[in-house]
Amino acid sequence: MLTLDRLNACAPDEFVRLLDGIYEHSPWVAEGAYPRRPLKSLAHLKHAMAEVVREAGRERQRALIRAHPELAGKAAIAGELTAESTGEQSRAGLTHCTPAEFATLQRLNAEYNAKFGFPFILAVRGPRGTGLSRQEIIATFERRLAHHPDFEFAEALRQIHRIAELRLNDKFGFAPREGEQVWDWAETLAQHTDRGCAGTGELTVTYLTEAHRACAQRLAHWMKADCGFDEVEIDAVGNVVARYHASRPGAPRLLTGSHYDTVRNAGKYDGRLGIFVPMACVQALHRAGRRLPFGIEVVGFAEEEGQRYKATFLGSSALTGQFDPAWLDQADADGITMREAMRQAGLCADDIPKLRRDPADYLGFVEVHIEQGPVLHELDLPLGVVTSINGGVRYVGEVVGLASHAGTTPMDRRRDAACAVAELALYVERRAAADGDSVGTIGLLEVPHGSINVVPGRCRFSLDLRAPNDVQRDRLAQDVLAELARISERRGVHHRVEETMRASAAPSAPAWQSRWERAVDALGLPVHRMPSGAGHDAMKLHELMPQAMLFVRGGNGGISHNPLETITADDAQLAVFAFSHLLEQLAAEHA
């Protein structure tokens, strides 16, 4: 097996020879990586080679893409692939296509080449390294045909880096075992989905549904039986809480975790990754029979997304003592109140005030989370250190006009509620963009009992506004609500708006951010600092104790809140390594 010591010690020609075949017919990538020695880690080598490609320029990048063969293409048929490509395509079953699958792949190859001018590149061994099915390959092929050429050019390079990563793993005899465990946990937990979604492939897990309760039970089982936590419970709000005791009684604990509920038609890693990564770290400590001079408390927060009720951060609000009892009387779309849902789940709402944590018992709070954006993906970086979480405010509202006949109501006499909300949406887009770093979204827009031949008399909508600091957020909200009033006055409609969530910006605690930075640097990776535009449980815990977050790169353009949300087992492994390093730093500080 290849080792870093050997690579760091060898001459340039030997270095290139040892890395032959990592990048298809492109020894110049290894040549460019040679001066970047000494290599601190396998992750450092992977990043160094990716950086060589990034800096190579468009024409050389295009040549690298064109050096790769088509999937099940002419070179494969003629037996002219490299040994690496032959093995990869064979393991994906591309050498055993049915006639229909083969015909589909040939058609897609032709269409793709005609549109983009280079072959379709896909790491067919997939995000876990065990291989994609032919159906998954064909579905990905068809989806990516719709991409813009510039986006697809960049995606082809990212797939090449993933291919190279897997080939390097083989050369070094490296398997990301903890990362694979994290990936497997995510796949298994995603089998639970709300009624109406089962069998459709859609993942939706909303607060205290049957699927939600099944997820809690599954997490609790893994934490106790597989990971070796000393105490595991489902608390009064539905949080799954696991504690791994310190080496001495009375020692403070590190608090960590994330949420296990999802948005509708979700991805598998949003929130859940931040539960699984510390679970893997505790599992390793337990297997080694090791205790740290502080305890570890992992919380799978029951609710963060605000999907079933007009409230959010229910799980972390309970820990900070900010759970509003008025929420208990909210009803969902089926008329079931939160109080009733808790009763049906066997939870005691009266015990929620007892969940408030005493900050004196804790060192701080850290959270691992998928980035939910394209930045790390585009930079070819697996990890990022969060500097601050943007502040946000959410509303639900309704505009009421007058329903009337679409054919007989003149355009200048309409009181169209939907047009009023559409006008507001366009204003939100312009106003948020004017700040440069604010964002605004109307994600829900509904015409109750709408009809194709009726002018909408009512339109319900949501409003989500976010900014890096609270002053900027509040200015944005003030302007948007004032514009809604002006639109309503001009159009002769009425409106109502209800604030459902307000969260302050949460800058990372400097000492905790530094610990994440040292952990990333120890892996041989550049430290990339970035804000979080999304809200997280960490922004609630921020109000009680110091906090800091680590982002993990997402695939497919970094998309999230979408079934295409994905990570690789290798990136999950790096997150486990970084979390373990943070634990070791704390252990040294409290020895």
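Our subject is the structure that appears above.
A short note on the side chain of serine 462
As for its position among the elements, serine 462 is in strand β12 (residues 458–467). We classify serine 462 as buried; its relative accessible area is 13%. Here glycine 443 takes part through its backbone nitrogen, which lies 3.3 Å from a polar atom of the side chain of serine 462. At 2.9 Å, the side chain of serine 462 forms a polar contact with the backbone nitrogen of leucine 444.

Details of the pattern of salt bridges
Note that side chains of opposite charge can pair when their charged atoms are close. The full count for this structure, using the stated rule, is 55 salt bridges. Note that glutamate 297 is salt-bridged to arginine 357, the shortest N-O span being 2.8 Å. Here glutamate 297 is found in strand β4 (residues 295–301), whereas its partner arginine 357 is found in the loop between α15 (338–344) and β5 (362–370), with 60 residues between them in sequence. Judged by its relative accessible area of 0%, glutamate 297 falls in the buried class. Among the residues examined, arginine 357 registers a relative accessible area of 8% and is labelled buried. For arginine 515, the salt bridge identified is with glutamate 589, shortest N-O distance 2.8 Å. Taken together, the positions of arginine 515 in helix α19 (residues 510–522) and glutamate 589 in helix α21 (residues 569–589) put the pair 74 residues apart, joining distant regions of the chain. According to the relative accessible area criterion, arginine 515 is buried, its value standing at 11%. Linked by salt bridges that have partners in common, Glu231, Glu233, Arg243, Arg253, Glu297 and Arg357 make up one network.

A look at helix α10 (residues 149–172)
Across its 24 residues, α10 extends 35 Å between first and last C-alpha, which sits within 8% of the 34 Å expected from 1.5 Å per residue. A positive phi of about 65° marks glycine 173, the residue just after α10.

Describing the packing of aromatic side chains
Two descriptors summarise a pair of aromatic rings, namely the distance from one centre to the other and the angle between the planes of the rings. Going through the model one piece at a time under the given rule, you end up with 14 aromatic pairs. Put simply, the rings of Tyr112, Phe116, Phe118, Phe120, Phe141 and Phe153 pair up and form one aromatic cluster. Over the face of the ring belonging to phenylalanine 153 we find arginine 58, whose NZ or CZ atom lies 3.7 Å from the ring centre. Arginine 158 extends its terminal NZ or CZ atom over the ring of phenylalanine 151, reaching a point 5.7 Å from the ring centre.

A look at unusual backbone geometry
Geometrically, the link from arginine 37 to proline 38 is a cis peptide bond, its omega value of 0° lying close to zero. In this structure, histidine 561 takes a positive phi of about 55° despite not being glycine. Here histidine 561 lies in the loop between β16 (547–552) and α21.

Calculation rules
Residues numbered from 1 in each chain as written. Predicted model: local features only at pLDDT ≥ 70, side-chain atom pairs only at ≥ 80, totals over all residues. Heavy atoms only, no water. Helix = DSSP H or I, 4+ residues; strand = E, 2+ residues; numbered from the N terminus. Buried < 20%, exposed > 50% of the residue type's maximum accessible area, 1.4 Å probe, protein only. Polar contact = N/O pair within 3.5 Å; in protein donor to acceptor, adjacent residues only side chain to side chain. Salt bridge = Lys/Arg side-chain N within 4 Å of Asp/Glu carboxyl O. Expected span 1.5 Å × (residues − 1). Phe/Tyr/Trp six-rings, centres within 6.5 Å; stacked < 30°, edge-to-face > 60°. Lys NZ or Arg CZ within 6 Å of the ring centre and 35° of its normal.

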